[in-house]
Amino acid sequence: MKLLVNQIFENKEAAALPGLLESGGLPALVSGLSAVHRANLAAGLRLKTGAPLFVLCPDDTTAENFANDLRSMLGEEVTCLGMRDFTFYSTEAASRQAEQKRLAALFTLAEGRSAVTVASIPGLLQRTIPPETLRRAAFEIDAGGSYPIEDVEAALLRCGYPRTEQVEGAGQFARRGGILDFFSPSEHEPVRIEFWGDDVDSMGHFDVASQRRTEPLERCVILPAAETLPEMTAGGRDALCREIESFAEKYGRRRTSENASSLCATLHADADGLRGAALMSDADRYRPVIYPMASAADYIPEDALIIFDQPGRCGERARDYTKQLAEDIRELTRRGVLAMSPDAFYLSWEALIKRLEDFPVYMAEAFTVGRSPLPPRTITSIPAKQLPSYAGSAQAAADDVALYLKQDYRVVVLAADERRAKVLQEFFGGNINGNLPAFDNILKPEPQKSVKVKKRIIAKVIKDPFGDYVRIRLGCGTEGAGKYLLLFINGKRKHINHSCKFKITEVNKHKLAQCSCKKAQLVIVRNVQHQT
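Let me begin by describing the structure that accompanies this report. (Residues numbered from 1 in each chain as written. Predicted model: local features only at pLDDT ≥ 70, side-chain atom pairs only at ≥ 80, totals over all residues. Heavy atoms only, no water.)

This part covers a negative patch on the surface. Residues Asp151, Asp198, Asp199 and Asp201 make up a contiguous surface patch of negative charge. In this structure, aspartate 151 sits in helix 9 (residues 149–158). By relative accessible area, aspartate 151 is classed as partly exposed at 49%. (Patch = residues over 30% accessible without salt bridge, like charges linked within 9 Å, V, L, I, M, F, W, Y side chains within 5 Å. Areas by Shrake-Rupley, 256 points an atom, 1.4 Å probe, with all protein chains shown as cover. Salt bridge = Lys/Arg side-chain N within 4 Å of Asp/Glu carboxyl O. Lys, Arg positive; Asp, Glu negative; His and termini not counted. Charge placed at Lys NZ, Arg CZ, Asp CG, Glu CD. Helix = DSSP H or I, 4+ residues; strand = E, 2+ residues; numbered from the N terminus. Buried < 20%, exposed > 50% of the residue type's maximum accessible area, 1.4 Å probe, protein only.)

Structure follows, in structure tokens:
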């Protein structure tokens, strides 16, 4: 796929774009690109420069589609950051799925583990938890570590996890004696920890429906269950309560205001509830008091390459979103629900553009309309065509292929699997008329670098970021099964989650590890490509 991605730089105008980083030709405005070609350009720049990629899209749907395209083209994980609805009303059953997905994405960015990120403009402008506060709120638990269970329980409460009888969704926890269950936004399944005193006796994922363990865990990161955490106020809950009461006194003196008395009563009730250590489902109302000003723009890596997808639409969406949010907040203030000004809940479009001036920026459009967010130093156009959808009609596809071949284009047809590729090969061979090249080659995907070991176990190399660094995951034939067993750096054993000792030998330039009980034996391949 990377071979196809780099084909965009066969175009003379596109070939000059990576060099603008060094020549001072940025910001650059590139027009003539449809949606898939804009993703192609972004992927190509990622491969050419090796810099972290941060893509800005007009809305969540566009961001998700762009992220999916990049995953296919680059073959690496892509973080997608969308918006969420603020919770300004107290409720018992508010869905926090979008909020917790945001928290997982923000934490990945805060830890510097996101090489490719796609964000929607509303998601980027919303006020959020500052990076340093998120890192301070998150905590890790290691299998075999020692943690007083009461301290872990208190930390979960501080992070906004409600206590339940049984964990059924993300952001909940339950305790039964020495067994602690919780569902962190960083995990795809809930986690169960069994304590022996203060020691972690076992830790692993479990299934929500059956409540049975599915796979063991060596390490777990517990993220906050909500973006707004009253406990993270400078000075704690007491300081927040005092600030809320100062707002109540301020509004109490406004005897002529029609909403002053109701807002004053709401503020006093919130302060009393917080002093009682109650979980506050609508803590978003006090986010400007709890945190200093921060947005997802504060999470952009310092060395990131910025791609503006449809900058004109991005500007329109930013203005529409902030206008609508401001109107909603003014209405809530009139009703006596909210005591903050609208601009305290978002970063303005103008402030975002000011921050992006220090980054290398490429702006990609289908065609140039109106002013660009940043004055471009380079303007170029790349002639690119997006093929129509064939809606399952192979004949329509064959007709288009024949047309492009007559125009001296080279054509590559991508199929979902080898079986379908063979079907298309036969169909095109019999339905493209004239003296045209035959479809006689099928490019097959490279086989997975995996080796079989005893008991039908498969050992896959899943990470190799620094060359001579190999991590092995043992599985039983199903995705995600098994556990980490060996970690080798320069051929030396660094960690073994196995009771046996391993003897390491070299056979035909391959490292061979065999445990003393002879139940596990695997070949360790050095200097392999990154796999997931």
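Anyway, onward from the coordinates.
The next thing to look at is helix 5 (residues 60–74). The end-to-end C-alpha distance of helix 5 is 21 Å, a good match for the 21 Å that 15 residues give at a rise of 1.5 Å each. The N-cap of helix 5, judged by a side-chain oxygen 3.3 Å from the amide nitrogen of threonine 61 a few residues on, is aspartate 59. Positioned one or two residues after helix 5, glycine 75 has a phi angle of 70°, which is positive. (Expected span 1.5 Å × (residues − 1). Polar contact = N/O pair within 3.5 Å; in protein donor to acceptor, adjacent residues only side chain to side chain.)

Another aspect to go through is the nonpolar core. Ranked by internal contacts, the top residues of the largest apolar core, which has 72 residues, are Phe54, Ile121, Leu267, Ile306, Phe308, Phe345 and Leu352. Ignoring any residue separated from it by four or fewer positions in sequence, one finds leucine 267 in contact with Ile244, Phe247, Ala248, Tyr251, Tyr286 and Ala339. Grouped together as the second largest cluster of nonpolar side chains are 34 residues, Phe9, Ala28, Leu70 and Val118 included. (Core = buried A, V, L, I, M, F, W, Y, C linked by side-chain atoms within 4.5 Å. Contact = heavy atoms within 4.5 Å.)

This part is about a nonpolar patch on the surface. Side chains of Met1, Leu4, Val412 and Leu414 sit close together on the surface and give an oily, nonpolar patch of about 370 Å² of accessible area. Within the fold, leucine 4 resides in helix 1 (residues 2–5).

To continue, consider the sheet that holds strand 6 (residues 173–176). Spatially, 6-7-8-9-10 is the arrangement adopted by the five strands of the open sheet, whose pairing is antiparallel. Looking at which strands have only one partner, the edges of the open sheet turn out to be strand 6 and strand 10 (213–216). Between one strand axis and the next, the sheet turns by 25° as a mean value, whatever way the strands run. Pairing between strand 6 and strand 7 (residues 179–182): four bridges, direction antiparallel. Note on strand 7: the bridge partner recorded for alanine 174 is aspartate 181. Along the sheet face, helix 9 touches strand 6, strand 7 and strand 8 (191–196) and points at about 155° away from the line of strand 6. (Pairing = 2+ DSSP bridges. Axes fitted to C-alpha atoms, helices over the stretch in contact; angles between N-to-C directions.)

Looking now at the pairing of strand 10. In the sheet, strand 9 (residues 199–206) pairs with strand 10 via three bridges, with the strands oriented antiparallel. Bridging from a neighbouring strand, phenylalanine 206 pairs with arginine 213 of strand 10.

Within the secondary structure layout, valine 337 lies in the loop between helix 13 (311–334) and helix 14 (349–356). A relative accessible area of 15% means that valine 337 is categorised as buried. Once the C-alpha coordinates of valine 337 and alanine 265 are considered, the two residues, 72 residues apart in sequence, prove to be 9.8 Å apart. When neighbours within four sequence positions are excluded, valine 337 is seen to be in contact with Phe88, Tyr89, Leu263, Thr266, Arg285 and Leu332.

Geometric values such as these leave the question of function open.
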